[in-house]
2 protein chains.
Amino acid sequence: MRATLMYGAGDVRIENVPDPSLKHPTDALVRITASCVCGSDLHPYSSMKPEDGPARMGHEFIGIVEETGSEVTTLRRGDLVVAPFAISDNTCLFCREGLHTSCAHPQANFWDGEAEEGGQAEAVRVPLADGTLVKLPVAPDSTLIPSLLTLSDVLGTGHHAAVMGGVNARTSVTVIGDGAVGLMAVLAAKRLGAEQIVLMGRHTSRTDLGRSFGATDVIATRGEEGIEAVRALTNGHGTHVTLEAVGHMPAYQQAIGVTRPGGIISRVGVPQYEEAPIGFSSLFRHNIRLAGGPAPVRAYIEELMPDILDGTLTPGRVFDATTDLDGVPAAYQSMADRETLKALVTP
Amino acid sequence: MRATLMYGAGDVRIENVPDPSLKHPTDALVRITASCVCGSDLHPYSSMKPEDGPARMGHEFIGIVEETGSEVTTLRRGDLVVAPFAISDNTCLFCREGLHTSCAHPQANFWDGEAEEGGQAEAVRVPLADGTLVKLPVAPDSTLIPSLLTLSDVLGTGHHAAVMGGVNARTSVTVIGDGAVGLMAVLAAKRLGAEQIVLMGRHTSRTDLGRSFGATDVIATRGEEGIEAVRALTNGHGTHVTLEAVGHMPAYQQAIGVTRPGGIISRVGVPQYEEAPIGFSSLFRHNIRLAGGPAPVRAYIEELMPDILDGTLTPGRVFDATTDLDGVPAAYQSMADRETLKALVTP
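These numbers come from a predicted model, not from an experiment.

Asker: Sorry, what's going on with the packing of aromatic side chains here?
Answerer: Centre-to-centre distance and the angle between the planes together describe a pair of aromatic rings. All names here are of chain A. Per the counting criterion, the structure on display carries ten aromatic pairs over all chains. A ring pair is formed by Phe85 and Phe110, whose centres lie 6.1 Å apart and whose planes are at 15°; its orientation type is stacked. Placement of Phe85 in the loop between β6 (80-83) and β7 (86-87) and of Phe110 in strand β8 (residues 109-110) is noted, with a sequence separation of 25 residues between them. Here Phe85 and Phe110 have matching classes, each one buried. Positioned over the ring face of Tyr7 is Arg13, at 3.7 Å from the centre of the ring.

Asker: Looking at this model, I keep getting lost on the pattern of salt bridges. Mind explaining?
Answerer: A side chain with one charge can pair with a side chain of the opposite charge if their charged atoms come near. Summed over the entire model, instances satisfying the criterion amount to 26 salt bridges over all chains. Across the pair Asp307 of chain A and Arg191 of chain A runs a salt bridge, and its minimum N-O distance is 2.7 Å. Of this pair, Asp307 of chain A sits in helix α11 (residues 297-309) while Arg191 of chain A is found in helix α6 (residues 180-191), placing the two residues 116 residues apart along the sequence. On the accessibility criterion, Arg191 of chain A (28% relative accessible area) is partly exposed. Taking the shortest distance from any N to any O, the salt bridge between Glu60 of chain B and Lys342 of chain B comes out at 3.1 Å. Here Glu60 of chain B is found in the loop between β4 (55-56) and β5 (61-68), whereas its partner Lys342 of chain B is found in the loop between α12 (328-336) and β19 (343-345), with 282 residues between them in sequence.

Asker: It is not clear to me how helix α12 (residues 328-336) of chain A should be interpreted in this structure. Could you clarify?
Answerer: Every α-helix carries 3.6 residues per turn, so stepping three or four residues along brings you back to the same face. Residues and elements named next belong to chain A. For α12, every residue scored as buried is listed here: Val328, Ala331, Tyr332, Ser334 and Met335. Summarising the axial view, the buried residues of α12 lie within an arc of 170°, below the 170-degree limit, and thus occupy one face. Taken together, the buried residues of α12 touch β1 (2-8), β2 (11-16), α1 (42-47), β18 (321-323) and β19 (343-345). At the exit of α12 stands Arg338, carrying a positive phi of roughly 60°.

Asker: Looking at this structure, I do not really get the packing of helix α5 (residues 154-164) of chain A against α11 of chain A. What am I missing?
Answerer: Any two packed helices are characterised by how steeply their axes cross, that is the angle between the axes, and by the distance between the axes. Residue and element names in this part refer to chain A. At a minimum axis distance of 10 Å, the contact between α5 and α11 shows a crossing angle of 105°. Taken as axis vectors, α5 and α11 run roughly perpendicular relative to one another. From α5, Leu155, Gly156, Thr157, His159, His160 and Val163 reach across to α11, where they touch Val297, Tyr300, Glu303, Leu304 and Ile308. For the contact of α5 with α11, the class distribution of residues is six nonpolar, four polar and one charged.

Asker: Any chance you could explain the interface of chain A and chain B here in plain terms?
Answerer: It is common to report an interface's size as the accessible area lost on association of the parts. Listed by partner, the interface residues are 39 residues for chain A and 39 residues for chain B. Buried surface at the junction of chain A and chain B, summed over both partners, amounts to about 3,500 Å²; 58% is from carbon and sulfur atoms. Of all residues in chain A, Glu274, Phe284 and Asn287 of chain A bury the most surface against chain B, accounting for 21% of the area lost on that side. The interface formed by chain A and chain B contains two salt bridges. Put simply, Glu97 of chain A and Arg260 of chain B hold a salt bridge, and the shortest N to O gap is 2.9 Å. Joining chain A to chain B, the criterion identifies 26 residue pairs in polar contact (both at pLDDT 80 or more). Contributions of two or more residues to the side of chain A that touches chain B are made by α2 (93-96), β15 (259-267), β16 (275-277), α10 (280-284) and β17 (289-292) of chain A. In terms of residues, the side of chain A that touches chain B owes the most to one element, α10 of chain A, which gives five residues. For the side of chain A that touches chain B, a count of residues per class yields 19 nonpolar, 13 polar and seven charged. Pairing geometry for β16 of chain A and strand β16 (residues 275-277) of chain B, over three bridges, is antiparallel. Looking at the pairing, Glu275 of chain A lines up with Pro277 of chain B of β16 of chain B.

Asker: Help me understand the pairing of strand β15 (residues 259-267) of chain B, please; the structure alone is not making it clear to me.
Answerer: Each regular strand displays side chains that alternate between the two surfaces of the sheet. Residue and element names in this part refer to chain B. Here β15 lies mainly inside the structure; eight of its nine residues are buried. Sheet analysis places strand β14 (residues 239-244) next to β15, joined by five bridges and oriented parallel. Considered in β15, the bridge of Leu243 is made with Ser266. The handedness of the β14 to β15 crossover, carried by helix α9 (residues 249-258), is right-handed. Strand direction decides the pairing type here: β15 and strand β17 (residues 289-292), joined by four bridges, are parallel. Across the sheet, residue Ile264 finds its bridge partner in β17, namely Arg289.

Asker: Looking at this structure, I do not really get the sheet that holds strand β1 (residues 2-8) of chain B. What am I missing?
Answerer: Strands in a sheet are paired, the pairing made by backbone hydrogen bonds, and the direction either parallel or antiparallel. Residues and elements named next belong to chain B. Read from one edge of the open sheet, three strands run β2-β1-β4, paired in antiparallel fashion. The open sheet has two edge strands with one neighbour each: β2 (11-16) and β4. The sheet contact formed by β1 and β4 spans two bridges and is antiparallel. Each residue of the ladder has a partner; that of Met6, found in β4, is Ala55. The strands touched by α12 within the sheet are β1 and β2, with β2 carrying the most contacts at an inclination of about 160°.

Asker: Any chance you could explain the relation of the copies chain A and chain B here in plain terms?
Answerer: Each of the two chain copies can be generated from the other by rotation about an axis followed by a shift along it. In screw terms, the move from chain A to chain B is a rotation of 180° and a rise of 0.0 Å along the axis, fitting with an RMSD of 0.0 Å. Here the copies are linked by what is in effect a two-fold axis. Residues of chain A ranked by C-alpha distance from the rotation axis are headed by Leu290 of chain A, positioned 2.5 Å from it. A share of 100% of interface residues in chain A that are also interface residues in chain B marks the association as one of identical surfaces.

Asker: What am I meant to see in the side chain of Thr150 of chain A here?
Answerer: Residues and elements named next belong to chain A. If you trace the backbone, Thr150 turns up in the loop between α4 (145-149) and α5. The class of Thr150 is buried, set by a relative accessible area of 1%. If near-sequence neighbours (up to four positions away) are discounted, Thr150 is found in contact with Leu155, Gly156, Ile308, Pro315, Gly316, Val318 and Phe319.

Asker: Can you walk me through the environment of Arg285 of chain A in this structure?
Answerer: Looking at the element boundaries, Arg285 of chain A is found in the loop between α10 and β17. With residues near it in sequence (within four places) discarded, Arg285 of chain A still touches Gly279 and Phe280 of chain A together with Thr101, Ser102, Phe110 and Pro294 of chain B.

Asker: What exactly am I supposed to notice about the state of the cysteines here?
Answerer: A covalent bond between the sulfur atoms of two cysteines is referred to as a disulfide. Residues and elements named next belong to chain A. Considering all chains together, one arrives at zero disulfides over all chains under this definition. Unpaired in terms of disulfides, Cys36 finds its nearest cysteine sulfur in Cys38, a separation of 7.1 Å. Note on Cys36: relative accessible area 1%, which makes it buried.

Asker: Explain the nonpolar core to me, please; I cannot follow it from the model alone.
Answerer: One recurring pattern in soluble globular proteins is that nonpolar side chains are buried together. Of all hydrophobic cores here, the largest spans 50 residues; its most connected members are Ile62 and Val173 of chain B. No other element matches helix α6 (residues 180-191) of chain B, which puts nine residues into this core. Cys36, Leu136, Met184 and Ile308 of chain A belong to the second largest nonpolar core, which has 49 residues in total.

Asker: Would you mind going over α11 of chain A with me for this structure?
Answerer: Residue and element names in this part refer to chain A. The end-to-end C-alpha distance of α11, which contains 13 residues, comes to 17 Å, matching closely the 18 Å that a straight helix rising 1.5 Å per residue would cover. Along α11, the sharpest kink reaches roughly 45°, centred on Glu303 and followed within four residues by the proline Pro306. For α11, the full list of buried residues reads Val297, Arg298, Tyr300, Ile301, Leu304, Met305, Asp307 and Ile308. The elements touched by buried residues of α11 are β6, α3 (129-132), β10 (134-135), α4, α5 and α6. Gly311 sits one or two residues past α11 and shows a positive phi near 85°.

Cut-offs and rules
Residues numbered from 1 in each chain as written. Chains lettered and ligands numbered in written order. Predicted model: local features only at pLDDT ≥ 70, side-chain atom pairs only at ≥ 80, totals over all residues. Heavy atoms only, no water. Phe/Tyr/Trp six-rings, centres within 6.5 Å; stacked < 30°, edge-to-face > 60°. Helix = DSSP H or I, 4+ residues; strand = E, 2+ residues; numbered from the N terminus. Buried < 20%, exposed > 50% of the residue type's maximum accessible area, 1.4 Å probe, protein only. Lys NZ or Arg CZ within 6 Å of the ring centre and 35° of its normal. Salt bridge = Lys/Arg side-chain N within 4 Å of Asp/Glu carboxyl O. Arc of directions from axis to C-beta. Contact = heavy atoms within 4.5 Å. Axes fitted to C-alpha atoms, helices over the stretch in contact; angles between N-to-C directions. Parallel < 35°, antiparallel > 145°, perpendicular 65-115°, else oblique. Nonpolar A, V, L, I, M, F, W, Y, C, P; charged D, E, K, R; others polar. Buried area = accessible area lost by both parts, 1.4 Å probe. Polar contact = N/O pair within 3.5 Å; in protein donor to acceptor, adjacent residues only side chain to side chain. Pairing = 2+ DSSP bridges. Right-handed = clockwise from strand over helix to strand, strands pointing away. Least-squares fit on C-alpha atoms with pLDDT ≥ 70 in both. Disulfide = S-S within 2.5 Å. Core = buried A, V, L, I, M, F, W, Y, C linked by side-chain atoms within 4.5 Å. Expected span 1.5 Å × (residues − 1). Bend = angle between axes of the 7 residues up to and from the residue.

In structure tokens form, the structure reads like this:
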């Protein structure tokens, strides 16, 4: 079959690879009908060293179950399923608490950690299929597919940011970043009742989409200037919650600047730093809290899917390009150039 | 009057200073009947440069109101009062939310930030007296005074750590540090219902007191060895909540090591660092949260005082030495040498 491999920064190729096959009785084989390129794929696309490649790519997909291992009980051939970006058994101590990204099962993993599998491909072997996959009550060609595909990562990740930030009707919110996750964080904050949602981003087409998702204010400036602009909107205090959907240090520093005393910075952009300011003058002085991490999107699918099925949420609007597998390398470049927001892949 | 001044690391002196007097109509003058030396006083005692001194010392005290400004309405001459370590108006936006340490009033301050006032003295001018001071329903020579004095800082600080950590009957807790705040964090965690409380500390007399306050386990080792010991007590996972009551980097690193995926590190030890690890491999990977800061102890006095008055809580047991003002310099050294846990000062 054909699959996407990254050989290093800026070097993505579509190649023939061995067809996947069942390895464990809890596996399922899935023929992929829709997948996509993630903002987090752009981190290695900008920095991956050739000696670390080639790597199979893609951690968001919808597909049709083709074969199931002998111990798979909840799925059967022909089921249309969506896969979260993390493999989990959905039964361990941490999964039961809704923290599927810390699943204790030995086969639990991020798709990005699976050397021989990836979602930007024609097919995939899914470990712990009962725990990982969720059936979709639509046809593979449903117009809801783009929105349902966001359940695999970006919608659940934006929702996780908002949940970990404690967003509710009484909290003001800043969202840092106008990528797909930032826009989903806006949508999620709106859904949880926030009345003031400030979106910090510089791409008008994206921030316009953010406004339609619920952003009440848009700040196009960054750094100290951007911080002052958010403070000016919030009586000088900053917002109760800041959802950081970028992952670079300037975004974290900006988050400190726009967060109100006693507030929460909730990070879902994968940090591209390890050390950062958290001492007296940054977080401690005013009891600013820090939360977030890889979103346990599996935990949120049952809650979010009905809002997609009934049309309340239309997160699929983040896809502004569609390509087949051949077009995936160009889609990476277009997303890196900030020309495409998020590319849907139909293998 | 006589007061305590720090001239630099290791150099604490008792000197004559001008008597305090009313400056603002919202001030009160208080004759101090009980104060104490704080673990946080030991930070400058180990590192203060002579050019930053001399500094008036002491931020915890009980005393008798001697004079009130014309706008003070809730206090009068003769009232026995306790003062939190932060001055606040108790009416601003942040005070109303219980975050008195971020009070927006221009005169709000930490006592440690008041150049000409301090609690280790015979008397003090208290700004924003209505907001800051809380009346005590006992006599100045009550046997409850040591326990009531802990309302000014260490009990409220330990309680804040536990509250910010989300401690309840379903959470396991590690407390890092067997100083007065660490022991108060044990007491507070027990009060909030925690059933497993692991105290990390090396001083047997202190950890014994910690056991009597509610610690179920004591770990005397530190670093990787200490982390492994806590994990061995918690099915390998670590505790849901870690209360960090030290403030030095090794304590923070230890906190990361003993905190369960999805757990919270709540810091009340004043950080002696600004940058620290918070990236993918420390906090982010397993959604570990970070909370804490200067405790708004004013917010907690009404909740905690009844438990002292009825004998449920005996936090005053952290005082293992009593001295007059002349003995304060020796008390600093004895606390720095870890011979005294916490010294009560009766001017």
